[in-house]
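Chains, contacts and geometry: an overview
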Amino acid sequence: MNLYAFSDFHLSGNPPTKPMDIFGDHWKNHREKIITSWLNTIRVEDTVIMAGDLSWATHLSDALDDLHMLSTLPGRKIIVRGNHDYWWDTVTKMTKMTHGKFEFIHNSTCKVGNIALAGTRGWIAETSKKLTESDKKILLREEGRMERSLAEAKKISSEIIAILHYPPFDEMRNPTHMLEIIKSYGVKKCIYGHIHGHANFTNLPDELLGVKLSLTSADYLDFKPFLVQSEVSL
């Protein structure tokens, strides 16, 4: 069984109600690119981590078309919320509405073979010039959610992979307090999304504080799943 990561699809139905090629020609037919590369890579026994921003939908009912399409693709699917996943609801409701085809990490963890996955959405860095008092409250809440997820993960495995939507570093590529929390639990790998555009792909850190960092935004990966770990022990 292989563990992959693939995120930030920004789907909007078929045909799309929000074409993404306004952000560059590489986004043209991105839905089809995602489906094709997934089918060419992911097997039924594999697991895929999706670090948020799957659908532009505002409500869960509106996101079901996109989620249904993803649910028909092979592999186990584990999701962390992104900042544009406005459709996100309670885990109970999302699980019921998607017929149990996805696992949602929210104040929780899940196990893939001998690996525990811990995650949350995250937020903008505490050093950001754009940070407001409202942002500080959200950031503290997200750090608390990550810590609870990590604490649960540590109970079930000594090998933990952290998942965030927002990167755990600031504009200057310095580690955030969120990454310090992740490191304190002995985590060696962190998956994140959120970053788009070739101009923003430069100087991305491969590692900070001894934690390997992997951006899994679809456009960064040329719309192909990223192999996190092969042959995960069961």
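An unreviewed UniProt entry annotates the protein as Serine/threonine protein phosphatase originating from Dialister pneumosintes.

1. Thoughts on helix H2 (residues 60–71)
For H2, every residue scored as buried is listed here: Leu 60, Ala 63, Asp 66, Leu 67, Met 69, Leu 70 and Ser 71. Buried residues along H2 sit in contact with helix H1 (30–41), strand S2 (47–50), strand S3 (76–79) and helix H3 (91–97).

2. Brief notes about the packing of aromatic side chains
Throughout the structure, instances matching the rule amount to nine aromatic pairs. Ring centres of Trp 88 and Phe 104 lie 5.5 Å apart, and the angle between their planes is 85°; on these two criteria the pair is classed as edge-to-face. Taken together, the residues span a long stretch of sequence, with Trp 88 in the loop between S3 and H3 and Phe 104 in strand S4 (residues 103–104) at a distance of 16 residues. Each member of the pair, Trp 88 as well as Phe 104, is classed as buried. Summarising the aromatic geometry, the rings of Phe 169 and Tyr 192 are spaced 5.5 Å apart at their centres and angled 90° between planes, so their arrangement reads as edge-to-face. Of the two residues, Phe 169 is situated in the loop between strand S7 (159–164) and helix H5 (177–184) and Tyr 192 in strand S8 (residues 189–192); the sequence distance between them amounts to 23 residues. An aromatic cluster is built from Trp 87, Trp 88, Phe 102 and Phe 104, whose rings are joined through pairwise contacts. Lying over the aromatic face of Trp 56, Lys 18 brings its terminal NZ or CZ to 3.5 Å of the ring centre.

3. Regarding the pattern of salt bridges
In total, this model carries 10 salt bridges according to the counting rule given. Asp 66 is paired through a salt bridge with Arg 31; the nearest N and O atoms lie 3.3 Å apart. Placement of Asp 66 in helix H2 and of Arg 31 in helix H1 is noted, with a sequence separation of 35 residues between them. Note on accessibility: Asp 66 and Arg 31 belong to one class, buried. As a salt-bridge pair, Glu 152 and Lys 155 come within 3.0 Å of each other at their nearest N and O atoms. Linking Glu 152 with Lys 155, this pair stays in helix H4 (residues 133–156), spanning three residues, or about one helical turn. By relative accessible area, which is 63% here, Lys 155 ends up exposed. Via salt bridges that share partners, Arg 43, Glu 45 and Asp 46 belong to a single interconnected network.

4. Quick word on the nonpolar core
By size, the foremost hydrophobic cluster in this structure holds 29 residues, and its most contacted members are Phe 6, Phe 9, Trp 38, Met 50, Leu 70 and Trp 87. Secondary structure elements with two or more residues in this core: H1, S2 and H2. No other element matches H2, which puts five residues into this core. If you look at the next biggest cluster of nonpolar residues, it comprises 24 residues, including Ala 153, Tyr 185, Leu 204 and Leu 215.

5. Some details on the sheet that holds strand S9 (residues 207–208)
Strand order in the open sheet formed by six strands is S5-S6-S7-S8-S10-S9, and the pairing between neighbours is mixed. Looking at strand neighbours, the two that pair on one side only are strand S5 (109–112) and S9, the edges of this open sheet. Here strand S6 (residues 115–120) pairs with S7 via six bridges, running parallel. Paired with Leu 117 across the strands is Ile 161, a residue of S7. H4 contacts S5, S6 and S7 of the sheet and is inclined by roughly 170° relative to S6.

6. Concerning H5
Within the span of H5, buried status applies to Met 178, Leu 179, Ile 181 and Ile 182. For H5, the angular spread of buried residues about the axis comes to 155°, placing them on one side. Backbone geometry just after H5 places Gly 186 at a positive phi near 75°.

7. Things to note about the layout of surface pockets
Taken as a whole, the largest pocket holds about 390 Å³ of empty space. Together, 15 residues line the largest pocket, and Pro 167, Phe 169, Glu 171, His 194 and Ile 195 are the ones closest to its centre.

8. A short note on the sheet that holds S4
Taking strand neighbours across the sheet as the criterion, the five strands line up as S4-S3-S2-S1-S11 in an open arrangement whose pairing is mixed. A single partner strand is all that each edge strand has here, and the edge strands are S4 and strand S11 (226–229). As judged from the three bridges shared by strand S1 (residues 3–5) and S2, these two strands associate in the parallel manner. When the bridges of S2 are listed, Leu 3 appears paired with Thr 47.

The rules behind these values
- Residues numbered from 1 in each chain as written.
- Predicted model: local features only at pLDDT ≥ 70, side-chain atom pairs only at ≥ 80, totals over all residues.
- Heavy atoms only, no water.
- Buried < 20%, exposed > 50% of the residue type's maximum accessible area, 1.4 Å probe, protein only.
- Helix = DSSP H or I, 4+ residues; strand = E, 2+ residues; numbered from the N terminus.
- Contact = heavy atoms within 4.5 Å.
- Phe/Tyr/Trp six-rings, centres within 6.5 Å; stacked < 30°, edge-to-face > 60°.
- Lys NZ or Arg CZ within 6 Å of the ring centre and 35° of its normal.
- Salt bridge = Lys/Arg side-chain N within 4 Å of Asp/Glu carboxyl O.
- Core = buried A, V, L, I, M, F, W, Y, C linked by side-chain atoms within 4.5 Å.
- Pairing = 2+ DSSP bridges.
- Axes fitted to C-alpha atoms, helices over the stretch in contact; angles between N-to-C directions.
- Arc of directions from axis to C-beta.
- 1 Å grid on protein atoms, 1.4 Å probe; cavity = no way out; pocket = protein on both sides within 12 Å on 5 of 7 lines; lining within 4 Å.
- Points joined across faces, edges and corners; volume = space filled by probe spheres on them.

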